[in-house]
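Fold and geometry: a report
One-letter residues, chain by chain:
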Amino acid sequence: MAIVNGAAGGGLIVSFGEMLIDFVPTESGVSLAEATAFLKAPGGAPANVAIAVTRLGRRSAFVGKLGDDEFGRMLAAILRDNGVSDAGVVFDSGARTALAFVTLRADGEREFMFYRNPSADMLLTEAELNVDLIRKASIFHYGSISLISEPCRSAHLKAMELAKNAGALMSFDPNLRLMLWPSPEEARKQILSIWNQADIAKVSEVELAFLTGHDSVEDEVAMELWHPNLKLLLVTLGDQGCKYYTKDFRGLVGSFAIEQVDSTGAGDAFVGGLLRGIEEDRSALQASSHLKAIAAQEFSLPL
């Protein structure tokens, strides 16, 4: 499929990883067990990022595997309808599209239940990668869920190698979902195994604590994740905004005061907007005022 539907020119932002169906309760503030009915919605952090990018006027593509079923075909159509190239999408006739049940409980905590044993996204192989598409990426974005098991882990590592060798800016959002990993230790090991390849890395305050072992968002803790290849490290702080770090400057962007309805996908929307801004103005990585303006804008833009 060609890239699309009136999106602006410029570089291509390619997202790699999972796309799935989220089932969301029709009533708010209940646990999954208490919910009486659910609505289906598209989900999966890398796919969310790709859609955010095109809704904000840039070109994006998604690379991943879906089940050759009604849900998989629906998700591919949603990508196309949102201007995202699905040239990197393949289908598996022997595995289903992943499902996730997601709710925001009355105590404000999100609750997840996943059905993927194995789901199609876990079965993507190196041979199924759209090499030409990946090599066209100006920014290559990925998470960590695709590192959990083979063969997708090897496909993930190969895709990163292809993109990096072609000159792409590498963007990593771990999007930690501990219930999917065999153990916390394995999650930490795999996330850190590719950490030093990222040019841009974004973590939440919970992920910062998980990766560093320190329950703190002080600068010296965040800088434990710094490595010489990084151009930008971001730590999102919910309603407190976002901290940013480069080799030359650091700062904090506050968030806008709103009534929170559901934070699911908020980090993905932020990352999509941030990558859109960086693709439009690479000088933001060297200029504090430019970077702060981009981050502040992404806290205010509805998708």
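Thresholds, definitions, all that
Residues numbered from 1 in each chain as written. Predicted model: local features only at pLDDT ≥ 70, side-chain atom pairs only at ≥ 80, totals over all residues. Heavy atoms only, no water. Helix = DSSP H or I, 4+ residues; strand = E, 2+ residues; numbered from the N terminus. Rg over C-alpha atoms; globule rule 2.2 N^0.38 Å. Buried < 20%, exposed > 50% of the residue type's maximum accessible area, 1.4 Å probe, protein only. Contact = heavy atoms within 4.5 Å. Areas by Shrake-Rupley, 256 points an atom, 1.4 Å probe, with all protein chains shown as cover. Lys, Arg positive; Asp, Glu negative; His and termini not counted. Charge placed at Lys NZ, Arg CZ, Asp CG, Glu CD. Phe/Tyr/Trp six-rings, centres within 6.5 Å; stacked < 30°, edge-to-face > 60°. Salt bridge = Lys/Arg side-chain N within 4 Å of Asp/Glu carboxyl O. Axes fitted to C-alpha atoms, helices over the stretch in contact; angles between N-to-C directions. Parallel < 35°, antiparallel > 145°, perpendicular 65-115°, else oblique. Left-handed = near helix turned anticlockwise from the far one by under 90°. Nonpolar A, V, L, I, M, F, W, Y, C, P; charged D, E, K, R; others polar. pLDDT = per-residue confidence, 0-100. Pairing = 2+ DSSP bridges. Arc of directions from axis to C-beta. Right-handed = clockwise from strand over helix to strand, strands pointing away. Core = buried A, V, L, I, M, F, W, Y, C linked by side-chain atoms within 4.5 Å.

This paragraph deals with the overall build of the protein. Within the protein, the secondary structure is distributed over 9 helices and 13 strands. Its C-alpha atoms give the protein a radius of gyration of 18 Å, near enough to 19 Å, the size a compact globule of 303 residues would have. Principal axes of the C-alpha set define a box for the protein whose edges measure 50 × 45 × 40 Å. For the protein, the residues scored as buried account for 52% of the 303 residues in total. In the protein, the share of contacts with a sequence separation of at least 24, taken over all contacts with a separation of at least 6, comes to 69%. Accessible area of the protein: about 13,100 Å², with a carbon and sulfur share of 50%. For the protein, the distance from the average position of its 27 positive side-chain charges to the average position of its 39 negative side-chain charges is 6 Å.

This part takes up the packing of aromatic side chains. Taken as a whole and assessed by the stated rule, the structure comprises 10 aromatic pairs. Aromatic pair Phe38 and Phe101: ring centres 5.1 Å apart, planes at 85°, arrangement edge-to-face. A residue pair is termed long-range when its members are at least 10 positions apart, and Phe38 in strand 3 (residues 38-43) and Phe101 in strand 6 (residues 99-104) qualify at 63 residues. Here Phe38 falls in the partly exposed class, since its relative accessible area comes to 29%.

Here we come to the pattern of salt bridges. Overall, the coordinates contain 14 salt bridges when judged by the stated rule. In this structure, Arg73 and Asp68 form a salt bridge, with 2.9 Å as the shortest nitrogen-oxygen distance. For the salt bridge of Asp173 with Lys202, the shortest nitrogen-to-oxygen distance reads 3.7 Å. Here Asp173, found in the loop between strand 9 (169-172) and helix 5 (184-193), pairs with Lys202, found in strand 10 (residues 200-204); they are 29 residues apart in sequence, far enough to count as distant. Accessibility expressed as a relative area gives 4% for Asp173, which makes it buried.

Two elements in contact, helix 1 (residues 45-55) and helix 8 (residues 266-280), have axes whose closest approach is 8 Å; the angle formed by their N-to-C orientations is 45°. In this view, helix 1 runs oblique relative to helix 8, as classed from their interaxial angle. The way helix 1 lies across helix 8 gives a crossing that is right-handed. Touching Ala45, Asn48, Val49, Ala52 and Val53 of helix 1 are Asp268, Ala269, Val271, Gly272 and Leu275, all from helix 8. Classifying every residue of the contact of helix 1 with helix 8 gives 7 nonpolar, 2 polar and 1 charged.

Below, the discussion takes up the confidence of the model for the protein. This prediction gives the protein a mean pLDDT of 90; 91% of its residues lie at or above 70. In the model, residues 299-303 has pLDDT below 50 throughout and makes 14 contacts with residues more than four positions away in sequence or in other chains.

Either a parallel or an antiparallel arrangement is found when strands of a sheet pair, and the pairing is made through backbone hydrogen bonds. Strand order in the open sheet formed by 9 strands is 5-4-1-8-9-10-11-12-13, with mixed pairing between adjacent strands. What marks the edges here is a single partner per strand, and that holds for strand 5 (85-92) and strand 13 (250-253). Here the strands of the sheet are splayed against their neighbours by 15° on average, with no regard to which way each runs. As paired elements, strand 10 and strand 11 (residues 232-236) share 5 bridges and run parallel to each other. Bridge pairing in strand 11 links Ile200 to Leu232.

Our focus in this paragraph is helix 5. Of all the residues in helix 5, the buried ones are Ala187, Gln190 and Ile191. Down the axis, helix 5 shows its buried residues gathered within 100° of arc, on one side only. Counted as exposed and oriented over 90 degrees from the buried face of helix 5: Glu185 and Lys189. The elements touched by buried residues of helix 5 are helix 4 (152-165), strand 9 and helix 6 (205-212).

Within strand 5, 6 of the 8 residues are buried, leaving the element largely enclosed by the surrounding structure. The pairing of strand 4 (residues 59-67) with strand 5 spans 6 bridges and is classified as parallel. Its bridge partner being in strand 5, Lys65 is matched across the sheet by Val90. Crossover connection from strand 4 via helix 2 (residues 70-81) to parallel strand 5: handedness right-handed.

So, on to the nonpolar core. With 52 residues, the main nonpolar core has Phe16, Leu129, Ile134, Phe140, Tyr142 and Trp195 as its most contacted residues. Here this core takes 6 residues from helix 4, the largest share from any one element. Excluding its chain neighbours within four sequence positions, the residues that come into contact with Tyr142 are Phe16, His156, Met160, Met170, Ser171, Phe172, Asp173, Ile194, Gln197 and Ala198. In this structure, Leu232, Val271, Leu274 and Leu291 belong to the second largest nonpolar core, which totals 22 residues.

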